[in-house]
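Architecture and fold: a report
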Amino acid sequence: MEYNDSRMTPPPFYGGQEVVRQTNAVMKRVYVRMFIGLLVSAFCALGVASSQAALQFFFGNQIVFWGMFIAMLAMAWIIPARMMKMSSGAVLGLFVLFSALMGCWMAPIFIAYRLGTIVYTFFITAGTFGAMSVYGYFTKSDLSKMGSFLMMALFGLIIAMVVNIFWANSTMEWIISIVGVLIFTGLTAWDTQQVKAMSRANLDPALADKLATMGAMNLYLDFINLFLFLLRIFGGGDRD
């Protein structure tokens, strides 16, 4: 009997439901791991900032200071580049290590800014990040063009930051901070949409788990950079 016979009832199709279930599961892991990364960074930053010996070790020793910086740059390149050849546990472990190093690197903010300013800025960052991530997840618009533009703008921002290290112009620093906030606000929405798209396209459990960690790392970096740029704006009066 042919399938299009009116007496035949087509079998149920669960593909769409499976994709939705997989996407939700991956996105849940993304946000949980991002939150874990932020917690690791916060505890490491507080731990280093509260210990004069730790501050001296990380920031009083040029070898350790630059070694930590180079290690973070290396991991930011190695993790996505070697993800397919590493186990899920190794990818997650490197992300946690990266978060710890980032926390140690950020320790001086607890010396340069008041705790109230840091907490206030954190909540503003969380609200902004949450709103843009929700937008990126639910919008039907394709944010690819915006993402490409923001990535080019990011390279320009990095160049401007390097130039201002030597120029040390306060007005330029203010402009850089505002532009940085705008860039990472947009990147939050774009990265969320990218993670969602990848989670829908890959249903292999092992690959989905690695993608969850990489998505968490991308959004973690968006959050951290957004927080630091906002802190430079709201905490300008705290610095000596």
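Our subject is the structure that appears above.
On a predicted model such as this, the values are computed, not experimentally measured, just so you know. (Residues numbered from 1 in each chain as written. Predicted model: local features only at pLDDT ≥ 70, side-chain atom pairs only at ≥ 80, totals over all residues. Heavy atoms only, no water.)

**Examining the overall build of the chain**
Counted only if it meets this: Here a helix means four or more residues in a row that DSSP labels H or I, a strand means two or more in a row labelled E, and each is numbered from the N terminus. Every residue pair with non-hydrogen atoms within 4.5 Å of one another is taken to be in contact. Only the protein chains shown count as cover for residues, and all accessible areas are computed by the Shrake-Rupley method using a 1.4 Å probe.
Of the regular secondary structure elements, the chain holds 9 helices and 0 strands. If you list the helices and strands of the chain from N to C, you get α-α-α-α-α-α-α-α-α. With the C-alpha coordinates of the chain rotated into their principal frame, the extents come out at 85 × 35 × 30 Å. A fraction of 83% describes how many contacts in the chain between residues 6 or more apart in sequence connect residues 24 or more apart. Carbon and sulfur atoms provide 71% of the accessible area of the chain, an area that totals close to 13,500 Å².

**Details of the pattern of salt bridges**
Here is the rule we go by: Note on definitions: salt bridges are taken to be side-chain nitrogens of Lys or Arg within 4 Å of carboxyl oxygens of Asp or Glu. Each residue is placed in one exposure class: buried if its accessible area under a 1.4 Å probe, protein chains only, is under 20% of its type's maximum, exposed if it is over 50%, and partly exposed if it falls in between.
Applying the stated criterion across every chain, the model contains 3 salt bridges. Here glutamate 173 makes a salt bridge to arginine 232, at a shortest N to O gap of 3.5 Å. Pair noted here: glutamate 173 is in helix α8 (residues 170-201) and arginine 232 is in helix α9 (residues 205-234), with a separation of 59 residues, a long-range link. The exposure class assigned to glutamate 173 is partly exposed, which follows from its relative accessible area of 23%. Exposure remark for arginine 232: the relative accessible area of 21% places this residue in the partly exposed category. Salt bridges sharing partners connect three or more residues here, namely Arg29, Arg33 and Asp209.

**Structural notes on the side chain of serine 177**
Looking at where serine 177 falls in the secondary structure, it is placed in helix α8. The residues touching serine 177, leaving out its near neighbours within four places in the chain, are Phe229, Arg232 and Ile233.

**A closer look at the packing of aromatic side chains**
Definition in use: Between rings of Phe, Tyr and Trp, where Trp is taken as its six-membered ring, a pair exists when centres lie within 6.5 Å; planes separated by under 30 degrees are stacked, by over 60 edge-to-face, and by other angles tilted.
In the structure shown here, the tally under the stated rule is 14 aromatic pairs. Both rings, one in phenylalanine 98 and one in tyrosine 220, keep their centres 6.4 Å apart while their planes meet at 75°; by these two values the pair is edge-to-face. Residue phenylalanine 98 is located in helix α4 (residues 88-106), and its partner tyrosine 220 is located in helix α9; the two are separated by 122 residues in the primary sequence. A single burial state applies to phenylalanine 98 and to tyrosine 220, both of which are buried. Measuring from ring centre to ring centre gives 5.8 Å for phenylalanine 122 and phenylalanine 123, while their planes differ by 80°; the resulting arrangement is edge-to-face. In this structure phenylalanine 122 comes out as partly exposed when scored by relative accessible area, which is 36%.

**As for α4**
For clarity, the cut-off: Multiplying 1.5 Å by the helix residue count minus one yields the expected span of that helix.
If you check α4, its first and last C-alpha atoms are 27 Å apart, about what 19 residues at 1.5 Å a residue would give, namely 27 Å. What α4 keeps buried is the set Ser88, Val91, Phe95, Phe98, Ser99, Ala100, Leu101, Met102, Gly103, Cys104 and Met106.

**Quick notes on the environment of alanine 160**
Relative to the assigned elements, alanine 160 resides in helix α7 (residues 144-167). Considered as a pair, alanine 160 and isoleucine 175 are 15 residues apart in the sequence and their alpha carbons are 9.9 Å apart. Excluding anything up to four places from it in sequence, alanine 160 contacts Met172 and Ile176.

**Description of the packing of α7 against α8**
The condition is simple: Where helices are involved, their axes are fitted lines through C-alpha atoms of the stretch in contact, as for all axes, and angles between N-to-C directions lie from 0 to 180°. Throughout this description, any angle smaller than 35 degrees is read as roughly parallel, any larger than 145 degrees as roughly antiparallel, any in the 65 to 115 degree range as roughly perpendicular, and the remainder as oblique. Left-handed describes a crossing in which the near helix is turned anticlockwise from the far one by less than a right angle; the clockwise case is right-handed. For this classification, the nonpolar set comprises Ala, Val, Leu, Ile, Met, Phe, Trp, Tyr, Cys and Pro, the charged set comprises Asp, Glu, Lys and Arg, and every other residue, Gly included, is treated as polar.
Packing of α7 against α8 brings their axes to within 9 Å, and their N-to-C directions diverge by 150°. Taken together, the axes of α7 and α8 are roughly antiparallel relative to one another. Crossing geometry of α7 relative to α8 is assigned as left-handed. The segment α7 lies against α8, with Ser144, Met146, Gly147, Leu150, Met151, Ala153, Leu154, Leu157, Ala160, Met161, Asn164 and Trp167 engaging Met172, Glu173, Ile176, Val179, Gly180, Ile183, Phe184, Gly186, Leu187, Trp190 and Gln193. Of the residues belonging to the contact of α7 with α8, the class tally is 16 nonpolar, 6 polar and 1 charged.

**Topic: the state of the cysteines**
Cut-off, in case you're wondering: Disulfides are defined as pairs of cysteine sulfur atoms found within 2.5 Å of each other.
Tallying each qualifying case throughout the model produces 0 disulfides. Free cysteine: cysteine 104, not disulfide-bonded; nearest cysteine sulfur from cysteine 44 at 4.7 Å.

**A few points about helix α2 (residues 52-59)**
Put simply, the test is: Directions drawn from the helix axis to the C-beta atoms are what define this arc.
Within α2, burial applies to Ala54, Leu55 and Phe58. Buried residues of α2, viewed axially, fall in a sector of 100°; they line one side. With respect to the buried face of α2, the exposed residues turned more than 90 degrees away are Gln52 and Ala53.

**Regarding a nonpolar patch on the surface**
The line we're drawing: To count toward a patch, a residue needs a relative accessible area over 30% and no salt bridge; like charges are then connected within 9 Å, while nonpolar side chains (Val, Leu, Ile, Met, Phe, Trp, Tyr) are connected within 5 Å.
Taken together, the side chains of Met151, Phe155, Ile158, Val162, Ile165 and Phe166 define a hydrophobic patch exposed on the protein surface, amounting to about 650 Å² of accessible area. Position of isoleucine 165 among the secondary structure elements: in helix α7. Judged by relative accessible area, which is 63%, isoleucine 165 ranks as exposed.

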